[in-house]
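Summary of the model geometry
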Amino acid sequence: MSLLGAVVSDPSSDVLRTLRTVCDTRGLEDLGARLGRLSELVRWDLEEIAAAIDAVPNSGSWVQQSGHHLLRQGGKRLRPMCVALAYRLASEQDGPTVLTPAARALAVAVELVHAATLLHDDVVDLGDQRRGAPAARLLFGNAASIFAGDWLLVDALKRVRSAEVDGTLERLFDIIEEMIEAESIQLEHRNRVDLSVANYFKIVEGKTAALFRWATWAGARAGGFDAGRSDALEQYGLHLGVAFQLVDDLLDYTGDEEKTGKALFADLREGKMTHPVLVARDTDPEAAALLTELTEAGDSADAALRHALLDRLRKTGALDQTRALAAERATRAVQALADMPDCAARQALHTVALATVERER
């Protein structure tokens, strides 16, 4: 189950239907019904976006094969959905309308930027798996994976330029700079148990939330919203992105590996301090000691140590606190929509925020 899941063959049905079923079994029938309406609203948009992503050039070179290997895995495609929904909200399009070429270009671009960061991350983190498949670097090499990320990033920037939506290219340059700064903070604090909570949120807001911010802001501008309403949607993207990352932090310790597509404790093995371990570290000396021991051991850490840390994360309430904070940030995302037109797109954005907290992938 995920918020969106792979959308290569059908951008809206299988995974959203699964999430809807899980919501029903959890007593979240209202959210399940909302997801059904969301699926119908965005189906055509996501099919168009998926087709445009499939049409990204592929000459057969290792670099382009490396990029397409990741793109074919689909992913959640949540960022392009945010572009499409923000565009619909701003342009007051509630029916199965076709995205304008500009809106579609922005939606594809944000997914390509995201894919570029994943290709780079897998090289930096020595990742072996991405979205349940071998990482591109294992199949084509680290160099091809890095160049593929660069290629996708350039392609994305060209698409934003061609869209000619005022301010979107300049804003994306700023966002990319924020993402690099966040990566720098994370790199400098790798394997450091003393990462501050303030620096944790700098990393999250730069690495994850910044691109969500751009997606909602760019979609709003493409749809015709003025600066004020576009900035409000950017705040929605900020809080949604933070909520999304907090749930990712949780899933690294509590997720199903078959659903998440990556091994548990991957963040810790890569030396990344996430919200649950920071909460436990600051409230429980035993958890702090275990965290230090695990960080020093790296890949050679005993499984028993990992299970002991997971036990402390549960007993200290760190996992519950992380989920509660994710729910709070999702609520703040919804609050950012308060002055928006009351329409299907606004309700869909509301649903996306709520469903982000419930996802399991």
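This text follows the structure it describes.
First, a word on what this report is: a plain description of the structure on this page. (Residues numbered from 1 in each chain as written. Predicted model: local features only at pLDDT ≥ 70, side-chain atom pairs only at ≥ 80, totals over all residues. Heavy atoms only, no water.)

Focus on the overall build of the chain
What the chain contains, in helices and strands, is 17 helices and two strands. Here the chain holds 361 residues, and the buried ones make up 58% of them. Excluding contacts between residues fewer than 6 apart, the proportion of contacts in the chain whose partners are at least 24 apart in sequence is 73%. (Helix = DSSP H or I, 4+ residues; strand = E, 2+ residues; numbered from the N terminus. Buried < 20%, exposed > 50% of the residue type's maximum accessible area, 1.4 Å probe, protein only. Contact = heavy atoms within 4.5 Å.)

Structural notes on helix α8 (residues 168-188)
With 21 residues, α8 extends 30 Å between its outermost C-alpha atoms, agreeing within 8% with the 30 Å of an ideal straight helix rising 1.5 Å per residue. Thr168, Leu169, Leu172, Ile175, Ile176, Met179, Ala182, Ile185 and Gln186 are the residues of α8 that are buried. In this structure, the buried residues of α8 make contact with α5 (101-124), α7 (142-163) and α9 (197-223). (Expected span 1.5 Å × (residues − 1).)

Digging into the packing of aromatic side chains
In the structure shown here, the tally under the stated rule is three aromatic pairs. Ring centres of Phe212 and Phe244 lie 5.5 Å apart, and the angle between their planes is 45°; this geometry places the pair in the tilted category. One end of the pair, Phe212, is in helix α9; the other, Phe244, is in helix α10 (residues 227-254), with 32 residues separating them in the sequence. Each member of the pair, Phe212 as well as Phe244, is classed as buried. For Arg43, the ring lying beneath its charged end belongs to Trp44, and the centroid distance is 4.5 Å. Its guanidinium or amino end placed over the ring of Trp217, Arg171 lies 3.9 Å from that ring's centre, counting from NZ or CZ. (Phe/Tyr/Trp six-rings, centres within 6.5 Å; stacked < 30°, edge-to-face > 60°. Lys NZ or Arg CZ within 6 Å of the ring centre and 35° of its normal.)

Thoughts on the pattern of salt bridges
The final tally for this structure, using the stated rule, is 21 salt bridges. Between Glu178 and Arg213 there is a salt bridge whose closest N-O contact spans 2.9 Å. With Glu178 in helix α8 and Arg213 in helix α9, this residue pair connects regions lying 35 residues apart in the sequence. Relative accessible area serves as the criterion here: at 27%, Glu178 is assigned to the partly exposed category. (Salt bridge = Lys/Arg side-chain N within 4 Å of Asp/Glu carboxyl O.)

As for the environment of Val334
Inspection of the secondary structure puts Val334 in helix α16 (residues 318-335). Along the chain, Val334 and Ala353 lie 19 residues apart, while their C-alpha atoms are 6.8 Å from each other. If we ignore the near neighbours within four places in the chain, the residues touching Val334 are Tyr236, His350 and Ala353.

Focus on unusual backbone geometry
Backbone geometry at Glu164 places phi at a positive 55°, although glycine is not the residue there. If you trace the backbone, Glu164 turns up in the loop between α7 and α8. Residue Glu164 is classed as exposed on the basis of its relative accessible area of 71%. We note that Phe265 has phi near 65°; this positive angle belongs to a residue other than glycine. Looking at the secondary structure, you find Phe265 in the loop between α11 (257-260) and α12 (266-269). By relative accessible area, Phe265 is classed as buried at 6%.

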